[in-house]
Amino acid sequence: MMEEVDVEPAVTNIPAANAGKHLGFAWGPGDILVYETLYKSAGAKGPCSSAIHEVRKDEDIYSPILRKLFNESHHIFVGLQTIREDLPSKNKKSQFVSISKNYRSVIRACMEELQQAAVSTKDSEVATQYGNQVSILLAIELIWNLCEVLFIDVAHAGVLLLQLLDWVRLHKADVDEKASEVLQSESPAEHRNYWDVVVSYVLQGRLEEARQMLIKQATLQPAARNMYKLMDSLLSKMPFYTPGGIQTLTEFEVKWRHWHDEVDRCLQDNSFASNQHLEFICKILVGDEDTLLAHKDLLGTWYHFLVTRLLFCHPTVKPTELHYYAQSCMTMFLDSRSVPEPLDNILLAAFEFDIHQVIKDCSIALNNWWFVAHLTDLLDHCHLLQSHNLHFGSNLREFLLLEYASGLFTHNSLWQLAVDYFDHCPEFGRVYLELQIERVPLDTEHKALKVLRICEKRQMSEQVRSICKIMAMRALRNNRLGSALSWSIRAKDAAFATLISERFLQDYCARGTFSDLDLIDNLGPAMLLSDRLTFLGKYREFHKLYGENRFREAAKLLLSLMTAKIAPRSFWMTLLTDALPLLEQKEVIFSADQTHELMFCLEELTSSLSNTGPGTDRTMQEEDIETTKVELLRLALARNLAMAIVKEGTVES
Amino acid sequence: MESINAKYVSQKISKTRWRPVSHSSLQQPDIFATGSWDNEENKVSFWSILNNGGSEVEDGFEGDPHLLCEQRHDGDVMDLQFLDQDRIVTASSTGAVTIFRHHQNTQTVSVSQQWVRAHRYPCDNAPCTGVVCSSPEIVTVGEDGRIIVFRADQEGVIRVIENADSSTIHAVTYLRTTEILTVNSIGQLKLWDFRQQNNSPSQILSLSGDRVPLHCVDRHPNQQHVVATGGQDGMLCVWDVRQGNTPFSLMEAHTAEMWEVHFHPTNPDHLFTCSEDGSLLHWETSSHVDMPSFLQGGRNSSMMSHSAVLPPGGNQSLVSAWLSGDSTKGRLETTHMLPSQTLPVNSLDVLGQCLVCGTDGEAVFVNRQVSV
């Protein structure tokens, strides 16, 4: 059964693809590769384009300024994951709130930088792009802040309104700009924006500032002094709930009711009838809906209207009642013609405490996963998402984090951040990491070491092997046998170590000297990784002993290489040839027993050679050399045996 | 930790270096250079931490570094050194060695000289991994196991030691004017004397048996036989190149690769290390040896020393604190210099009271009040 889509998917046109052509595609973690296929429909003719197009879903990770957001929030994210589960919930709550505030301050910093960049750039297209990003971040911060108030801080009746006021004040900061413009003018009270500022202050509940402004007008109108005095006293008397104070909510409610009645009385007896502005303010104070709606331009948004209405009508609103007021305010504020924007619906869903709807709508409306992934993670830590199960993946938090991290992984440089996100996805994080990490392009050993460290820290032995193998292969291709061997030792890759040891031995046979002595001499315990490597190390040791004229030890080692079957059969002839100069020494080096063993080795070798038959592709000349060698060896061995028997039979005098 | 300043720079930083200050003045450094890595387009950048007279400092944070100028860099910046006040030398993952000139009057950077594919394989590029310079001489090392000597005033190559190492050379430093030290990926420290014409090291020192790759090396500024190295296991090794072929002492420092180690240039009782594990350590040892060395045995297990013998004839007061082996007496103190962070610290540099470091978290940290 197909799932119903929530919104129509956006259409992306591939600019270079001709109409009527068939396109093939391949999914990537964060993008899609699109190419023209050879499929010939009846109509379409002409050559097929050989281009491959990369379609990216998320452009934001390529913005240098937004990269700071990703990097800084990564740090906060990791900090959040390490908050201990066993903390008392009260401490935890304050930590969650402070983490939420950290996230928001990072968003704000990023927004400010984007704003500056938008102003300073000369390219209008870039400026528009920055402007768009700013407005997206603004919306993100607005939603995040509301979620913080409602879900994380869980403000109760009384406090709730105060926090919503803060929320509105923070996001409707143009009042302050206007106010400073008015105050800096020659005669503020006569400025054309004067009353707008006063009313805006009142609408945001900034009554102290409204009073300061009103004083300026009062001094200009001595005749209306009493009226201004009355307004000033009404404003100053308006009660605000003080959280943590001795006052109970009921006491506050009684007090507020008294004040409200007093304002209402003033309105009834036309105290402000002679001043249209003051009368307006008075009507706002009693919460007259029509008056509020008449100031739509100053309110700007329906949620400002909501908060102002709550302030003057229902200051002790409970969280559970919010959705009712929110819905009605939105309906009242928006014209019947205009359709609510995605942002309106998201905020409404938040007021309705429908967290999943908020996350879902944000996922659809925003072009990046950053916001939903981090918010969901935080809400999940507050244990707000447990009831919900997805019928795919593991849970909502992990699903979103994986999406976000996969996006990061497609980026050249940001992939490193993604690792920590995968780490904190208990169910599928590891699988994702395993699949992605193998695909990181390794340009330098330095980068390979970093990737390896990530894998080794997580005991991802399969990936460690694969990375080391890639590096070893590359080194081998570049004829860097030493490096290649080091990589295969690190991967404990015996087969590859054997292969490289083989190459070393071939080189030795061809050139008569060892390359990379600094490495081979320092193999240490790593020598035991593969038989061939052991042989290589030991064989080099033989040369070293020989070079130091420690003939007896050298001879013993050489013999043991064959008798203990460490040396490959193909190499025996070389070893026996190496024994020749030792056999030719004046002094007897090989004892009679040892010589017997050598002879046995030679016979075993020659019989196995003759068994393979003459059908091999060796030339006559090679055959001759081989025969001569064997003859020489037999002679030398026989002579040595004789000498050894004589020597061993002689009693030292 | 309070006085440390973080600046996010939108690129992973592989190297940070202070511009040298003249020896005569007691001036603090004010300009540093950074190199980035792993980006689609990498850069070398110059930053200033001064904010007087600069109206371009908008953030208002005192000492917040601000960008002076930057220039594209082909490939990852693998290493970066100041040649003099105006020029830096970079090592690139493409194998190129480049000299950039910083024009301070116009605040621009330009390429003043480049040796393309200085390090290479027969049919591929080989990353250049390290560079060290003593103007006008420049020495570079690479994954190709070559050591190359250039002169800033000459186009050609002065000297090449082919196959100087069978594995990758990770870092290089001067021991004396004619001698250099290299560290490689199989735990060896090699000493090269340029006065000798043969192409083999005059001395090889190594960690016993473990073959732990070494990633960085620095020489004590006053006592040239004292050398510190850091390796893949995060251990700090102090070597006395005059004696023995094994390190004098091994100290557990980090839990992952140590990328850089630096003695403080004027106060070498202080040493700084940074690591893939995301930490930056400040090591401090006391140079005032008030106890004869023979009474200072008995190291504890975490500080393994291979040799308890002091250099013969060494005057007590001249014995380096790093070789006096007093680590167990609590005289070797280490301090974490960064607030908790998880992403690798790739590079650090310290000069005067100023320290700068760069991370894979795309941040540059500056501390202007290092207590040395």
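As recorded in an unreviewed UniProt entry, chain B goes by Nucleoporin Nup43 and comes from Betta splendens. UniProt's Subcellular location (unreviewed entry) comment on chain B is quoted here verbatim: "Nucleus".

Going by what an unreviewed UniProt entry lists, chain A is known as Nuclear pore complex protein Nup85 and is assigned to Betta splendens. Taken verbatim from the UniProt record of chain A, the Subcellular location (unreviewed entry) comment is "Nucleus, Nuclear pore complex". In the Function (unreviewed entry) part of its UniProt record, chain A is described as follows: "Functions as a component of the nuclear pore complex (NPC)."

Asks: Where do I start with the overall build of chain B in this structure?
Replies: Of the regular secondary structure elements, chain B holds zero helices and 31 strands. Here chain B, with 372 residues, has 60% of them falling under the buried criterion. Of the contacts formed within chain B by residues at least 6 apart in sequence, a portion of 53% connects residues at least 24 apart. When the accessible surface of chain B is split by element, carbon and sulfur atoms take 46% of a total near 14200 Å².

Asks: I tried to follow the overall build of chain A on my own but got confused; where do I start?
Replies: Secondary structure assignment for chain A yields 30 helices and three strands. Considering chain A as a whole, with its 653 residues, one finds that 48% of them fall into the buried category. Of all intrachain contacts in chain A linking residues separated by at least 6 positions in sequence, the fraction that spans at least 24 positions is 63%. Surface accessibility of chain A: about 32800 Å² in total, with carbon and sulfur atoms responsible for 54%.

Asks: Can you help me understand the packing of helix α5 (residues 174–184) of chain A against helix α6 (residues 194–203) of chain A in this one?
Replies: In a packed pair of helices, the relevant descriptors are the angle between the two axes and the axis-to-axis distance. Residues and elements named next belong to chain A. Contact pair α5 / α6: the axes reach a minimum separation of 9 Å and the direction vectors enclose 140 degrees. When the axes of α5 and α6 are compared, the pair comes out oblique. In the packing of α5 onto α6, the handedness of the crossing is left-handed. Across the interface between the two elements, Val-175, Lys-178, Ala-179 and Val-182 of α5 pack against Tyr-194, Asp-196, Val-197, Ser-200 and Tyr-201 of α6.

Asks: Whenever I open this one, the packing of aromatic side chains confuses me. Can you help?
Replies: Centre-to-centre distance and the angle between the planes together describe a pair of aromatic rings. All names here are of chain A. Scanning the model with the defined rule gives 31 aromatic pairs over all chains in all. When the centroid spacing of 5.5 Å and the interplanar angle of 15 degrees are considered together, the rings of Phe-535 and Tyr-539 count as stacked. Residue Phe-535 and its partner Tyr-539 are located together in helix α26 (residues 531–547), separated by four residues, close to a single helical turn. Accessibility assignment for this pair places Phe-535 and Tyr-539 in one class, buried.

Asks: So what exactly am I meant to see when it comes to the interface of chain B and chain A here?
Replies: When the parts come together, some accessible area is lost, and that loss is often what is quoted as the size of the interface. Each side of the interface is counted separately: chain B has 48 residues, and chain A has 43 residues. Surface buried jointly by chain B and chain A totals about 3700 Å² across both partners, of which 45% is contributed by carbon and sulfur atoms. Among the residues of chain B in contact with chain A, B:Tyr8, B:Ser166 and B:Arg211 are the three that bury the most area, contributing 18% of the side total. Our count for the chain B to chain A interface comes out at five salt bridges.

Asks: Just to check I follow, could you spell out unusual backbone geometry for this structure?
Replies: As a rule of thumb, non-glycine residues mostly have phi less than zero, and peptide bonds are mostly trans rather than cis. Omega for the bond connecting B:Ser135 with B:Pro136 falls within 30 degrees of zero, at 0 degrees, which places this linkage in the cis form. You can see B:Pro136 is positioned in the loop between β12 (128–134) and β13 (137–142). Even without a glycine there, the phi angle at A:Asn270 is positive, about 55 degrees. Note on placement: A:Asn270 falls in the loop between α9 (249–268) and α10 (276–285). You can call A:Asn270 partly exposed: its relative accessible area is 48%. At B:Arg117, a position not held by glycine, the phi torsion is positive, near 50 degrees. In this fold, B:Arg117 is placed in the loop between β9 (108–115) and β10 (120–121). By relative accessible area, B:Arg117 is classed as partly exposed at 31%.

Asks: For this particular structure, what's the right way to read the sheet that holds strand β19 (residues 203–206) of chain B?
Replies: The strands that make up a sheet are held in pairs by hydrogen bonds between backbone atoms, and each pair lies either parallel or antiparallel. All names here are of chain B. Pairing in this open sheet of four strands is antiparallel, and the strands run β16-β17-β18-β19 from one edge to the other. Looking along the sheet, the strands with just one partner apiece sit at the ends: β16 (169–176) and β19. With direction set aside, neighbouring strand axes in the sheet form an average angle of 20 degrees. Note that strand β17 (residues 179–184) and strand β18 (residues 188–193) share five bridges and pair antiparallel. Counterpart to Ile-180 in the pairing with β18 is Trp-192.

Asks: I tried to follow the sheet that holds strand β2 (residues 13–18) of chain B on my own but got confused; where do I start?
Replies: All names here are of chain B. If you walk across this open sheet you meet the four strands as β2-β3-β4-β5, and the pairing is antiparallel. Looking at the sheet topology across the chains shown, the edges are occupied by β2 and β5 (66–73). Between one strand axis and the next, the sheet turns by 20 degrees as a mean value, whatever way the strands run. Across seven bridges, strand β4 (residues 42–48) lies against β5 in antiparallel orientation. Note on β5: the bridge partner recorded for Ser-45 is Glu-70.

Asks: I'm lost on the pattern of salt bridges in this one. Help?
Replies: Pairs can form between side chains of opposite charge whenever their charged atoms are close. Enumeration over the complete set of coordinates arrives at 54 salt bridges over all chains. Of the charged contacts in the structure, one is a salt bridge between A:Lys450 and B:Asp360, with a shortest N-O distance of 2.6 Å. Here A:Lys450, found in helix α21 (residues 445–457), pairs with B:Asp360, found in the loop between β30 (354–359) and β31 (363–367), and the two come from separate chains. Taken individually, A:Lys450 and B:Asp360 each receive the classification buried, so the pair is uniform in this respect. Here the salt bridges do not stand alone but share partners, grouping A:Lys101, A:Arg104, A:Arg108, A:Glu141 and A:Glu148 into one network.

Asks: Explain a nonpolar patch on the surface to me, please; I cannot follow it from the model alone.
Replies: A cluster of nonpolar side chains, namely A:Phe428, A:Val431, A:Tyr432 and A:Leu435, defines an oily patch on the protein surface of about 320 Å² accessible area. Considering the arrangement of structural elements, one finds A:Leu435 in helix α20 (residues 429–437).

Asks: I keep staring at helix α14 (residues 322–333) of chain A and nothing clicks. Help me out?
Replies: Three or four residues apart is the spacing at which side chains of an α-helix point the same way, because the helix has 3.6 residues per turn. Residues and elements named next belong to chain A. Under the 1.5 Å per step criterion, the end-to-end length of α14 is 16 Å for 12 residues, consistent within 8% with the ideal 16 Å. Along α14, the residues classified as buried are Leu-322, Tyr-325, Ala-326, Ser-328, Cys-329, Met-330 and Phe-333. Summarising the contacts, the buried residues of α14 are in contact with α3 (124–152), α4 (159–171), α11 (289–294), α12 (296–299), α13 (302–313) and α15 (342–351).

Asks: Which parts of the structure should I look at to understand the nonpolar core?
Replies: Generally speaking, a soluble globular protein has its nonpolar side chains buried in company with each other. Within the largest apolar cluster, 207 residues are counted, with the highest numbers of intra-cluster contacts made by A:Leu164, A:Trp167, A:Trp302, A:Phe351, A:Trp370, A:Phe371 and A:Tyr539. With 13 residues, the single largest contributor to this core is α3(A). Those residues in contact with A:Leu164 that sit more than four places away from it in its chain are A:Leu146, A:Val149, A:Val307, A:Leu310, A:Leu322 and A:Phe351. Counting 17 residues, the second largest nonpolar core, distinct from the first, contains B:Leu181, B:Leu207, B:Val217 and B:Val241.

Asks: So what exactly am I meant to see when it comes to α26(A) here?
Replies: Residue and element names in this part refer to chain A. Taking 1.5 Å per residue as the helical rise, α26 with its 17 residues ought to reach 24 Å, and the 24 Å between its terminal C-alpha atoms agrees with that figure. For α26, the set of buried residues is Leu-533, Thr-534, Phe-535, Leu-536, Gly-537, Tyr-539, Arg-540, Phe-542 and Leu-545. Where α26 is buried, its residues contact α23 (481–490), α24 (494–511), α25 (517–520), α27 (551–563) and α28 (572–583). After α26 finishes, the residue Asn-549 shows a positive phi value of roughly 60 degrees.

Asks: Would you mind going over the environment of B:Ser48 with me for this structure?
Replies: Residues and elements named next belong to chain B. Its location among the elements puts Ser-48 in strand β4. Between the C-alpha atoms of Ser-48 and Arg-19, which are 29 residues apart in sequence, the distance is 10.0 Å. Once residues lying within four places of it in the same chain are set aside, the contact partners of Ser-48 are Asp-30, Ile-31, Asp-64, Pro-65, His-66 and Leu-68. Here Leu-50 takes part through its backbone nitrogen, which lies 3.1 Å from a polar atom of the side chain of Ser-48.

Asks: Explanation requested: the pairing of strand β26 (residues 280–284) of chain B in the structure shown.
Replies: Successive side chains on a regular strand alternate, one facing one side of the sheet and the next facing the other. Residue and element names in this part refer to chain B. In terms of burial, β26 is a largely internal element, four of the five residues being buried. The pairing of β26 with strand β28 (residues 333–336) spans four bridges and is antiparallel. From the neighbouring strand, His-282 faces β28, where its bridge partner is Thr-335.

Asks: In this structure, what is going on with the side chain of A:Ser200? I would like to understand it.
Replies: Residue and element names in this part refer to chain A. Position of Ser-200 among the secondary structure elements: in helix α6. Accessibility expressed as a relative area gives 6% for Ser-200, which makes it buried. If sequence neighbours within four positions are ignored, Ser-200 has contacts with Val-175 and Leu-298.

Asks: Can you help me understand the packing of helix α1 (residues 64–81) of chain A against helix α17 (residues 370–381) of chain A in this one?
Replies: All names here are of chain A. The N-to-C vectors of α1 and α17 enclose an angle of 15 degrees; their axes lie 11 Å apart at closest approach. It follows that α1 is roughly parallel to α17 by the angle criterion. Where α1 crosses over α17, the handedness of that crossing is left-handed. Side by side, α1 and α17 meet where Leu-69, Phe-70, Ser-73, Phe-77, Leu-80 and Gln-81 of the first sit next to Trp-370, His-374, Asp-377, Leu-378 and His-381 of the second. Counted by class, the contact of α1 with α17 contains six nonpolar, four polar and one charged residues.

Conventions we followed
- In this convention, every chain numbers its residues from 1, walking through the sequence in written order.
- The naming scheme follows written order: chains are lettered A onward, ligands numbered 1 onward.
- Predicted model: local features are reported for residues with pLDDT of at least 70 only, side-chain atom pairs are reported and counted for 80 or more only, and whole-chain, interface and lining totals are derived from all residues.
- Hydrogen atoms and water are omitted, and side-chain values are computed over all heavy atoms in the structure.
- UniProt positions are given in the numbering used here, feature names are shortened, and annotations may be inferred rather than shown by experiment.
- Runs of E in the DSSP output that reach at least two residues are strands. Runs of H or I that reach at least four are helices, and both are numbered from the N terminus.
- Three exposure classes are used, based on accessible area relative to the maximum for each residue type with a 1.4 Å probe and protein chains only: buried under 20%, partly exposed in between, and exposed over 50%.
- We call two residues contacting when some pair of their heavy atoms lies within 4.5 Å.
- Accessible surface is estimated by sampling points in the Shrake-Rupley manner with a 1.4 Å probe; for residues, cover comes only from the protein chains shown.
- What counts as an axis is a line fitted to C-alpha atoms, over the stretch in contact for a helix, and the angles between N-to-C directions run from 0 to 180 degrees.
- The labels follow the angle: roughly parallel below 35 degrees, roughly antiparallel above 145, roughly perpendicular from 65 to 115, and oblique for the rest.
- Helix crossings fall into two classes, left-handed where the near helix is turned counterclockwise from the far one by less than a right angle and right-handed where it is turned clockwise.
- Only Phe, Tyr and Trp rings take part, Trp by its six-membered ring, and two of them pair if their centres are within 6.5 Å. Stacked means planes under 30 degrees apart, edge-to-face means over 60, and tilted covers everything else.
- Here the buried area means the combined drop in accessible surface, using a 1.4 Å probe, for two parts upon being joined, counting both sides.
- Salt bridges are defined by distance alone: a side-chain nitrogen of Lys or Arg within 4 Å of a carboxyl oxygen of Asp or Glu.
- Two strands are counted as paired when DSSP detects at least two bridges linking them.
- Only residues above 30% relative accessible area that lack a salt bridge enter a patch, with like-charged residues linked at up to 9 Å and the nonpolar side chains Val, Leu, Ile, Met, Phe, Trp and Tyr linked at up to 5 Å.
- For a helix, the expected span equals 1.5 Å multiplied by the residue count minus one.
- The term nonpolar core refers to a set of buried residues drawn from Ala, Val, Leu, Ile, Met, Phe, Trp, Tyr and Cys, joined through side-chain atoms within 4.5 Å.
- Residues adjacent in sequence count toward polar contacts only when both atoms are side-chain atoms; beyond that, a polar contact is any pair of N or O atoms within 3.5 Å, and within protein one must be able to donate a hydrogen and the other to accept it.
- Charged means Asp, Glu, Lys or Arg here, nonpolar means Ala, Val, Leu, Ile, Met, Phe, Trp, Tyr, Cys or Pro, and polar covers whatever is left, Gly included.

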